[in-house]
Protein chains: 2
Amino acid sequence: MLASMLAEERQQRINEHLREKEFCTLKELSEMLNVSVSTVRRDINFLKTTGVLRRTHGGARLSEQVEIEGTHPLVPNASVRSELKECIARYCASLIEPGQTVIMDGGSTVFSVARHLVVKHPIVITNSLPISNLYSNYRQVEVHVTGGVVYPRLGVLTGPNAVEGFSKIHADVAIMGAGGLDVQDGVTNTHALLIDMQLAMIKAARKVIFCMDSTKLGARSLFFLCSADQVQTLVTNSDVDPVLVKALRKKGVDVHLVPC
Amino acid sequence: MLASMLAEERQQRINEHLREKEFCTLKELSEMLNVSVSTVRRDINFLKTTGVLRRTHGGARLSEQVEIEGTHPLVPNASVRSELKECIARYCASLIEPGQTVIMDGGSTVFSVARHLVVKHPIVITNSLPISNLYSNYRQVEVHVTGGVVYPRLGVLTGPNAVEGFSKIHADVAIMGAGGLDVQDGVTNTHALLIDMQLAMIKAARKVIFCMDSTKLGARSLFFLCSADQVQTLVTNSDVDPVLVKALRKKGVDVHLVPC
DNA sequence: GAAGAATTTGAAATTATTTGCAAGAATAAA
DNA sequence: TTTATTCTTGCAAATAATTTCAAATTCTTC
């Protein structure tokens, strides 16, 4: 047998595979992972309890609710606009000075920030189609879109062109989302494709603001982005474990707690 | 048998197929999905209960409530839906081979072509946000977006980055619109910013198709794009001055007249 | 390290589901 | 009407899920 694999690693690869393909059969996975169908079935059943996928006959399907951080399903309105996100977003927007150059990623919370940012007449650099659309109606906001290939379900531009788009510019602030932030594990995100992009964003910005609601704190996603002490500013709702906040502040993170 | 497919996946593909074609037969689906007509029938009957489609004899029709175009925020103005444009667009789409690499600009007629092009599963390169949005719901279409600055009202990406985006690639066909075409004045367009872009598109494509309705023929806009003899293919409605058509053909233009 | 406990894995038997097929009924077309 | 499809229904074959159990692996503890 080939290099044996830990259960956790296997499940991670299943998750990864599903995020790309949306559907897959047990057989397919068992061949990919060199384990029996029984084992794959057990893994899948476990992953079902964590909510990342749904079972179907003969296979699994990516759970619809798994957004990228989550990146809005292409309809950014409606359900995604939770009061919590709205609240964090409003505060986050208040941190931006008029006329600043702002990088924004494809996260759903970031999209909410974008809506509150119109009055600041920013110059926006983004790889998010929804944000581009949002501003294309407002002349007051200058929007620079990176190139790239559209990642279907999510509406973000990915690939080398997108990364290159960020590597060529400099911005005052980057506003980003992520799937998890933990003292030990640092910042993590759900899609491998986003990591390169977000790294380029961080590099291009003088200041980085992470926006995420408290459910993301203490959690971790699949892919590592950066360590906790590399986070300059964090905006979240005040519903967080105070111990975690203290630990983050000790690491030098400027934590803003928004009462919601 | 080929890679077996999950029931849910099949149903999703039926749904997607219907969004493209609006109507299709069971036989057609059974061939597409490599399953028996019985199975397709069962799938269809299930989908009927979810409301995404209606049953007919021998086939299924997309439910009226389901917007064909999906939800793209940047809906081009109402004029886009004119029967004339629709008609030209449909014909123009028929000129494209399945799987071709297609450059599309931000013109409203071109947008209509884009809607008819989904079934050809093209690789699309565009600087148009509306087109990017349109396809972001369809996994079958690979969309490459050039970078650039959003030109507010039109939702097209402009500037050096956009031009560069086209200069790096090669495509089978470019489908473009313009503000005017005249034997003497050549092709002209309304926005200076678009000229550089369109020149880059023309350079990157092996074949160039101009789509414009007959009101644009004989007219001229402010900015010069290229001379008439540089136009390879023109698709327009048959309501044109025959003298003009003759003159264009004499210049080597392949004029397609669509009866509308 | 080795022995034993605990867990994980693969495989077999049983049960449940899905799929394809066929015969007669129903529907549309000629 | 006749004719040709398509639909329904029931059934058998194929496929997948569940349960169970033995072998293999990992984890303790010495």
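Scroll up a little and you will see the structure.
All of the points below concern the structure found in this document. Counting restarts for each chain: residues are numbered from 1 in the order of the written sequence. The naming scheme follows written order: chains are lettered A onward, ligands numbered 1 onward. Note on the predicted model: pLDDT of at least 70 is required for a residue's local features to be given, and 80 or more for side-chain atom pairs to be given and counted; whole-chain, interface and lining totals, by contrast, use all residues. The side-chain figures draw on all heavy atoms in the structure; neither hydrogens nor water molecules are used.

**Some thoughts on the overall build of chain A**
And step 1. Helix numbering and strand numbering both begin at the N terminus, where a helix is a DSSP run of H or I of at least 4 residues and a strand a DSSP run of E of at least 2. Helices and strands together make up the secondary structure of chain A, namely 9 helices and 15 strands.
And step 2. Here the C-alpha coordinates of chain A stretch approximately 60 × 40 × 35 Å along the principal axes.
And step 3. For every residue, the accessible area (1.4 Å probe, protein chains only) is compared with the maximum for its type, and the residue is labelled buried under 20%, exposed over 50%, or partly exposed between those bounds. The buried share of chain A, reckoned over its 260 residues, is 57%.
And step 4. Any pair of residues with heavy atoms lying within 4.5 Å of one another is described as a contacting pair. A separation of at least 24 residues holds for 59% of the contacts in chain A among residues at least 6 apart in sequence.
And step 5. Neither His nor the chain termini are counted; the positive set is Lys and Arg, and the negative set is Asp and Glu. Throughout, a charge is located at the NZ atom of Lys, the CZ atom of Arg, the CG atom of Asp or the CD atom of Glu. A gap of 3 Å separates the mean positions of the 28 positive and 26 negative side-chain charges of chain A.

**Some remarks on the side chain of A:N15**
Residue and element names in this part refer to chain A.
And step 1. Within the secondary structure layout, N15 lies in helix 1 (residues 7-21).
And step 2. The class of N15 is buried, set by a relative accessible area of 10%.
And step 3. Ignoring anything within four residues of it in the chain, the contact list for N15 reads V52 and L222.

**What about the sheet that holds strand 8 (residues 156-158) of chain A?**
And step 1. Spatially, 8(A)-7(A)-6(B)-5(B)-4(B)-9(B)-12(B)-14(B)-15(B) is the arrangement adopted by the 9 strands of the open sheet, whose pairing is mixed. Edge positions in the sheet fall to strand 8 of chain A together with strand 15 (254-258) of chain B, since each of these pairs with one other strand and no more. Averaged over all adjacent pairs, the angle separating strand axes in this sheet is 30°, with direction ignored.
And step 2. In terms of strand pairing, strand 4 (residues 101-104) of chain B meets strand 9 (residues 171-176) of chain B through 3 bridges, oriented parallel. Across the sheet, the residue bridging to B:V102 is B:V173, located in strand 9 of chain B.
And step 3. In the packing of helix 4 (residues 83-94) of chain B onto the sheet, the strands contacted are strand 9, strand 12 (205-211), strand 14 (233-237) and strand 15 of chain B, and the crossing angle to strand 14 of chain B comes to about 145°. Pairing between strands is defined by DSSP: at least two bridges between the two strands are required. Between N-to-C directions, angles cover 0 to 180 degrees, with each direction set by a line fitted to C-alpha atoms, over the stretch in contact for helices.

**Structural notes on helix 7 (residues 160-167) of chain B**
Residues and elements named next belong to chain B.
And step 1. All buried positions along helix 7 are accounted for by A162, G165 and F166. Buried positions in helix 7, seen along its axis, are confined to an arc of 90° and lie on one side of it. Summarising the geometry of helix 7, the exposed residues directed more than 90 degrees from the buried face are P160 and S167.
And step 2. On its buried face, helix 7 sits against strand 4, strand 5 (123-126), strand 7 (148-151), strand 8 (156-158) and helix 8 (192-204). The arc in question is the one spanned by the directions pointing from the helix axis to the C-beta atoms.

**Observations regarding the interface of chain A and chain B**
Note on interface size: it is often stated as the accessible area lost on association of the parts.
And step 1. Residue-level contacts link 36 residues of chain A with 29 residues of chain B.
And step 2. Buried surface area refers to the total accessible area, computed with a probe of radius 1.4 Å, that the two partners give up upon joining, counted for both partners together. Around 2600 Å² of area is buried between chain A and chain B when both sides are counted, 57% of it from carbon and sulfur atoms.
And step 3. When residues of chain A are sorted by the area they lose upon contact with chain B, A:F23, A:N133 and A:S136 head the list and together hold 22% of the total.
And step 4. Each salt bridge in this description consists of a side-chain nitrogen of Lys or Arg and a carboxyl oxygen of Asp or Glu lying within 4 Å of one another. Between B:E164 and A:K168 there is a salt bridge, with the nearest N and O atoms lying 3.6 Å from each other.
And step 5. Any pair of nitrogen or oxygen atoms within 3.5 Å is treated as a polar contact; in protein, a donor-acceptor pairing is required on top of that, and neighbouring residues in sequence qualify only through side-chain atoms on both sides. The interface formed by chain A and chain B holds 10 residue pairs in polar contact (both at pLDDT 80 or more) in total.
And step 6. Counting residues per element, the ones that place at least two in the side of chain A that touches chain B are strand 1 (23-25), strand 2 (53-56), strand 3 (59-62), helix 6 (129-135), strand 6 (142-145), strand 7 (148-151) and helix 7 (160-167) of chain A.
And step 7. In terms of residue count, the dominant contributor to the side of chain A that touches chain B is strand 6 of chain A (4 residues).
And step 8. Here the residues of the side of chain A that touches chain B are counted per class, giving 12 nonpolar, 14 polar and 10 charged. Classification convention: Asp, Glu, Lys, Arg as charged; Ala, Val, Leu, Ile, Met, Phe, Trp, Tyr, Cys, Pro as nonpolar; all other residues, Gly among them, as polar.

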